[in-house]
Amino acid sequence: MASQSRSQPQLTVLPSRYSSLESDKVKLRTSSLAMIISWASILATTLCAPFAAMIVAQTPSPRPSPSQPPADYDLRWGVKIPMRDKVELNATLYLPKTPDGSLPKTPVIFTLTPYISDTYHARGAYFASHGYAFALVDVRGRGNSGGEFEPFANDPRDGYDVVEWLAKQPFCDGKLAMWGGSYAGFDQWATAKEFPPHLATIVPAAAAHPGLDYPSTQNVGLTYDMQWYTLTSGHAAQDNLFADQKFWRTKFLDAYKKHIPFKSLDSFVGNSSLNFQRILKHPVIDAYYDAMVPTREQFQKITLPILTITAQYDGDELGALSYYRDHLANASPEARAKHFLVIGPWDHAGTRTPTDEVAGIKFGPAAVIDLNDLHRQWYDWTMKSGPRPEFLKNQVAYYLLAPGNSGANGEWKYAESFETLVANPQSFYLDSKNGDANGVFRSSSLTEKRANEGSDTFTYDPLDTTRGETVDGIDPKEKTAGIDQTYASSIGKDGLVYHTEPLPKETPLIGCPAVTLWVSIDTPDVDLSAHLFEIQPDGTSIALWSDIRRLRYRESLREQKLVKPGEIVHCDFNPGLFVARRLMKGSRLRLVISSPNSIHLEKNYCSGGVVAEETAKDAHTCHVQVYHDATHPSTIQLPLR
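Caption draft 1: Examining the overall build of the chain more closely. Helices and strands together make up the secondary structure of the chain, namely 17 helices and 29 strands. Taking all 641 residues of the chain together, 65% fall into the buried category. In the structure as shown, the chain presents an accessible area of about 21,600 Å², 49% of it carried by carbon and sulfur atoms.

Caption draft 2: Highlighting the nonpolar core. Within the largest apolar cluster, 157 residues are counted, with the highest numbers of intra-cluster contacts made by Phe110, Leu166, Trp346 and Tyr379. Setting aside chain neighbours within four positions, we find Tyr379 in contact with Ile109, Phe127, Tyr132, Ala177, Met178, Trp179, Thr201, Val203 and Lys384.

Caption draft 3: Quick look at the layout of surface pockets. A volume near 520 Å³ is recorded for the largest pocket. In terms of lining, the largest pocket is formed by 26 residues, of which the most central are His209, Leu212, Ile285, Ser322 and Asp326. Of all the elements in the fold, those that place two or more residues in the lining of the largest pocket are helix H10 (287–290), helix H11 (296–301) and helix H12 (317–330). The leading source of residues in the lining of the largest pocket is H12, at 5 residues.

Caption draft 4: Looking closely at the confidence of the model for the chain. Averaged over every residue, the pLDDT of the chain is 90; the share at 70 or more is 89%. Long-range and interchain partners of residues 1–10, a stretch whose pLDDT sits below 50, account for 31 contacts in this model, where long-range means more than four residues apart. In the model, residues 15–66 has pLDDT below 50 throughout and makes 255 contacts with residues more than four positions away in sequence or in other chains.

Caption draft 5: The arrangement of the state of the cysteines in detail. Summed over the entire model, instances satisfying the criterion amount to 0 disulfides. Unpaired in this structure, Cys606 has its nearest cysteine sulfur neighbour in Cys622, at a distance of 4.8 Å.

Caption draft 6: Region of interest: the pattern of salt bridges. Evaluated as defined, the whole model comprises 23 salt bridges. Arg467 is the partner of Asp494 in a salt bridge, and the nearest nitrogen-oxygen pair spans 2.7 Å. Of this pair, Asp494 sits in the loop between helix H17 (486–490) and strand S20 (495–499) while Arg467 sits in helix H16 (residues 466–472), placing them 27 residues apart in sequence. When its relative accessible area of 7% is taken as the criterion, Arg467 is described as buried. Bridged by salt links that share partners, the residues Asp85, Arg140 and Asp158 form one connected network.

Conventions used here
Residues numbered from 1 in each chain as written. Predicted model: local features only at pLDDT ≥ 70, side-chain atom pairs only at ≥ 80, totals over all residues. Heavy atoms only, no water. Helix = DSSP H or I, 4+ residues; strand = E, 2+ residues; numbered from the N terminus. Buried < 20%, exposed > 50% of the residue type's maximum accessible area, 1.4 Å probe, protein only. Areas by Shrake-Rupley, 256 points an atom, 1.4 Å probe, with all protein chains shown as cover. Core = buried A, V, L, I, M, F, W, Y, C linked by side-chain atoms within 4.5 Å. Contact = heavy atoms within 4.5 Å. 1 Å grid on protein atoms, 1.4 Å probe; cavity = no way out; pocket = protein on both sides within 12 Å on 5 of 7 lines; lining within 4 Å. Points joined across faces, edges and corners; volume = space filled by probe spheres on them. pLDDT = per-residue confidence, 0-100. Disulfide = S-S within 2.5 Å. Salt bridge = Lys/Arg side-chain N within 4 Å of Asp/Glu carboxyl O.

Here is the structure:
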């Protein structure tokens with residue numbers, strides 16, 4: 001493991017009261033989709049599909065920390081920026097004041113957003129009051145910009161044109177930077193891959209990765225798509241409709257119980273969506289998505305300074321770390337040395353406005369840092385010859401969560417490289433007595449000794465709506481999803497549960513868990529999920545990690561390969577999601593294996609056909625056998641230190 005520093009980072013730690021500054025819109029968005037898709041169909045979608053894993057295209061939190069934006073700036077509203085195809089994008093300019101009232105001559109920071117530029121008013125005011133011109137730019141087809149909004153598709157070219165237009169303006173000194181997260185994090189990579197000459201640096205936070213984590217997650221569709229496509233329908237904001245969680249969950253539950261085909265979800269919720277129908281034509285990663293993100297050759301040529309920001313409960317951690325890994329794998333040593341990584345403990349919105357708690361999981365006061373100030377210091381370093389931000393003591397900064405769930409003693413740690421930080425996990429093997437693993441109180445285990453024989457079986461019935469009604473329901477459980485055990489407790493014949501022995505001492509878990517299952521099924525296809533929890537000595541459950549896979553894409557997200565009945569195949573759950581927590585003495589780790597059956601996910605009816613078109617008439621009950629014998633050792637890689 002790389003060397004680490006225990007010294008305190010020199011960055012403002014904000015009082016926890018600032019956590020309340022997140023907009024209600026962002027809070028609702030963040031907690032609900034995550035809530036049941038991932039961890040237990042728990043926060044992330046439950047955490048329910050990972051807490052974090054699926055909140056991808058949520059809008060960032062609009063307010064900076066601290067709360068009230070400074071007022072010392074000048075404004076230019078309704079500025080039109082021409083694109084190469086004559087479409088004009090709308091910008092609001094925030095300009096630093098000068099003593100004589102003349103235009104400043106500074107670097108320019110901009111964000112390209114589908115969420116209406118006014119959402120980021122406080123950010124623009126902050127940076128303009130700290131010596132930077134800041135431009136809030138509506139993507140085409142949104143806000144006051146012209147053209148049609150086709151998510152992700154036009155941003156690479158438009159981002160280039162915005163950079164080069166701003167660079168020519170009298171208030172710009174020729175250096176451009178970008179700010180933003182989620183969609184606006186994607187925009188930064190999309191713009192950088194086009195190599196605009198005047199782009200000096202990017203700071204992508206919680207960057208969505210089209211085709212990988214949104215609009216589907218690893219080729220599994222999300223009902224959240226229609227909530228988001230409704231938010232971004234037309235030019236005007238749809239914030240209140242978007243934030244009506246009871247409406248959306250009620251609609252998704254109704255669609256789930258009626259077994260409507262996923263492709264009809266838009267008309268079912270009352271908003272026939274061209275964008276929704278467009279993505280259904282691309283159920284796998286293909287040339288459509290490839291055009292939105294950097295290619296291998298483009299990653300090789302990206303040499304500007306980069307600060308990547310993500311978090312352990314960020315629904316776009318998958319995307320953010322994929323960009324990071326792909327750049328480091330292909331860039332020159334000089335470019336890699338200029339790419340820094342910050343992994344906080346937060347959720348999706350927290351990657352811009354940190355909080356000290358999410359969904360019942362407490363991070364502690366050290367987690368609440370001033371990310372506006374970190375951005376400012378980064379821009380000063382990369383565009384004004386200032387010192388490197390003191391907080392960035394090494395290439396990787398990550399937050400190590402404290403044992404228990406009080407949040408006390410959580411701390412920032414450092415590593416020379418991410419690759420070294422996550423290296424050398426320990427292998428634990430799935431095992432059970434007489435195939436008895438169907439529930440949290442069964443005798444199944446995760447052990448360091450490989451089993452010689454054995455297997456476990458569970459059943460997935462696509463027509464069974466019990467879990468969607470009782471585990472998901474219409475209550476988002478946004479304040480407790482990270483510690484909720486409803487999902488794990490609901491597992492019976494429809495899933496498998498494995499536990500380690502109690503830990504003999506406090507043990508750091510730092511790295512990227514991964515699971516390999518050897519399975520056979522009696523249908524052509526099925527979806528599988530894996531969820532990891534810490535079960536503390538007093539019974540408290542902490543959601544740690546999760547992943548989801550459609551078995552037909554077990555070998556490639558670009559090409560399907562249906563399963564022959566009875567054929568034993570292996571399925572890897574290796575998303576590369578980072579976890580850093582000190583596990584309590586006496587805690588056990590719990591692994592839950594099941595087939596997703598959630599109101600938040602496109603349902604797989606196991607026919608082997610086009611999943612988006614399947615309905616109840618296509619349903620096949622799937623019997624899943626998980627092997628743990630000498631030839632087929634199903635395992636979990638746990639980064640215990």
